[in-house]
Amino acid sequence: MLKVLLLGPFSTIYGLATFVRNGLYHLGLITVARAPLPVISVGNLTAGGTGKTPLCILLAEILSARGRRPAVLSRGYRRLRNSAEPLLVSDGRTILCPVEESGDEPALMARRLLRCGARVIVGRDRLRSAEMAHDLGADVAILDDGFQHRRIFRNLDILLLDYCRPWDNGWPLPAGMLREWPSSLKRADILILTRAKRAEVPSGVSGRLNPGTPIFFAQHRAIALIDWEHWQMGNWPEKGLRVDGPVLLFSGIARPDSFREMARDLGLEVSRHLVFPDHHHYRCWDLDNIERAASGLAAVVTTEKDAVRLPASWHPGVRTMVLVLEFSLGPGRAIEDLMTMVERKIQK
């Protein structure tokens, strides 16, 4: 409540600015550019983790398996070296730049997508990134975190909302987490409710959508616990690894409570959870603190998004493990239904 009282006036200004900007796009007073290839946008309405990265990975993997040549285009949030030119993070075979230049989420996507050959490109100008992707042979672009990036035309807008807190506290940034008002749901072609407890649409959501908008339900599911060295090499043989004894968790993600819940659901005995800011760049003193906190415990466990930000040579003195997640869409034939809609849109 204190945060709203202090920051509410700034949120009102922010919300008014986004409302006016969206109105200008709606009236056609701001030009929308077309990319030289079909564009699928994956975005959300709030700042923070709703599952955009794992969904982009899933879409790229399925499209590749179906004979497409996808490229993921990302803004590369909190890149330390943020040039204006598009940067090729991965050509689908090799990772071509360090995480400091790409950002953590593009680095994670590049690592995971080496298995299917999808390219990953970062850059502030998504149109130029799309042009680079086309020149490199891609035939479809997946726009990571693209819902607010309205300058580029998209064939399909997929919007993700957190099932439990679709509007956070109902306030725009900085008093809340909303990037724009809930009325913007009408721009969504497909809505996916993530971390869904059940296949029921929360009150106040369906009425803001256009009639007939497809709604899917998804969860983030832990699929593997992998030793740090194996994860770095992309070698994942130890499905269902167990750890006997208490563990230390550490993470710098938007929703650390979700990570903690998944670790406990796997049967891990969580002794302590060190929480860092989202997209945190780990310094030597952070790593020292983690090592001290892990002393005497059975293992240290972190997320993939954090793992890409760690020095490859780091060894905290205890077993280090990475929790790998999967974007699970259900129930029934939800994946097939979603991909049918995707294919129909990108063939237009």
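Residues numbered from 1 in each chain as written. Predicted model: local features only at pLDDT ≥ 70, side-chain atom pairs only at ≥ 80, totals over all residues. Heavy atoms only, no water.

(A) Examining the packing of helix 2 (residues 52–65) against helix 10 (residues 334–346) more closely. Direction vectors running N to C along helix 2 and helix 10 enclose 75°, while the axes themselves pass 12 Å from each other. The pairing of helix 2 with helix 10 is recorded here as roughly perpendicular in orientation. Across the interface between the two elements, L58, L59, I62 and L63 of helix 2 pack against I335, L338, M339, V342, E343 and I346 of helix 10. For the contact of helix 2 with helix 10, the residue count by class is nine nonpolar, no polar and one charged. (Axes fitted to C-alpha atoms, helices over the stretch in contact; angles between N-to-C directions. Helix = DSSP H or I, 4+ residues; strand = E, 2+ residues; numbered from the N terminus. Parallel < 35°, antiparallel > 145°, perpendicular 65-115°, else oblique. Contact = heavy atoms within 4.5 Å. Nonpolar A, V, L, I, M, F, W, Y, C, P; charged D, E, K, R; others polar.)

(B) Representation of the packing of aromatic side chains. Tallied over the full model, the rule gives four aromatic pairs. Ring plane angle 90° and centroid distance 5.9 Å describe the contact between F250 and W314, whose orientation is recorded as edge-to-face. Taken together, the positions of F250 in strand 9 (residues 246–251) and W314 in the loop between helix 9 (304–307) and strand 12 (319–330) put the pair 64 residues apart, joining distant regions of the chain. The same class applies to F250 and to W314, which are both buried. With a centroid separation of 5.1 Å and 80° between ring planes, the pair formed by F276 and Y282 is classed as edge-to-face. Residue class for F276 comes out buried when judged on its relative accessible area of 14%. Of the aromatic side chains, those joined through ring pairs into one cluster are F250, F276, Y282 and W314. Here the guanidinium or amino end of R111 rests over the ring plane of W231, the centre of that ring lying 4.2 Å away. (Phe/Tyr/Trp six-rings, centres within 6.5 Å; stacked < 30°, edge-to-face > 60°. Buried < 20%, exposed > 50% of the residue type's maximum accessible area, 1.4 Å probe, protein only. Lys NZ or Arg CZ within 6 Å of the ring centre and 35° of its normal.)

(C) Broad picture of the pairing of strand 8 (residues 215–227). Sheet topology note: the strand 7 (residues 190–194)/strand 8 ladder contains three bridges and is parallel. Bridge assignment links L193 to a residue of strand 8, and that residue is F217. Where strand 8 and strand 12 come together, 10 bridges link them in antiparallel fashion. When the bridges of strand 12 are listed, F217 appears paired with G330. (Pairing = 2+ DSSP bridges.)

(D) View of helix 5 (residues 126–135). Of all the positions in helix 5, only R126, L127, S129, A130 and A133 are classed as buried. The arc that holds every buried residue of helix 5, seen down its axis, measures 160°, which confines them to one face. Elements that come into contact with the buried residues of helix 5 comprise strand 2 (70–74), strand 4 (119–122) and strand 5 (140–144). Between the side-chain oxygen at the start of helix 5 and the backbone nitrogen of L127 there is a gap of 3.1 Å, and the oxygen is on D125. G137 occupies a position one or two residues after helix 5 and carries a positive phi of about 105°. (Arc of directions from axis to C-beta. Polar contact = N/O pair within 3.5 Å; in protein donor to acceptor, adjacent residues only side chain to side chain.)

(E) Seen up close, the sheet that holds strand 6 (residues 156–162). The sheet built from 12 strands is open, its strands ordered 3-4-2-5-1-6-7-8-12-11-9-10 with mixed pairing. Strands with a single pairing partner mark the edges of an open sheet, and in this sheet they are strand 3 (87–90) and strand 10 (269–275). Looking at each pair of strands side by side, their axes are set apart by 30° on average, direction ignored. Pairing of strand 3 with strand 4, which is carried by three bridges, proceeds in the antiparallel orientation. Its bridge partner being in strand 4, S90 is matched across the sheet by V120.

(F) Geometry of the environment of R111. Within the fold, R111 resides in helix 4 (residues 104–113). Its relative accessible area of 25% is what places R111 among the partly exposed residues. Taking the C-alpha atoms as reference points, R111 and W231, separated by 120 residues in sequence, lie 9.9 Å from one another. Once residues lying within four places of it in the same chain are set aside, the contact partners of R111 are I95, W231, Q232 and V308.

(G) The arrangement of the environment of S313 in detail. Note that S313 resides in the loop between helix 9 and strand 12. Overall, S313 belongs to the exposed group, its relative accessible area being 60%. The sequence separation of S313 and L87 amounts to 226 residues, and the corresponding C-alpha distance is 25 Å.

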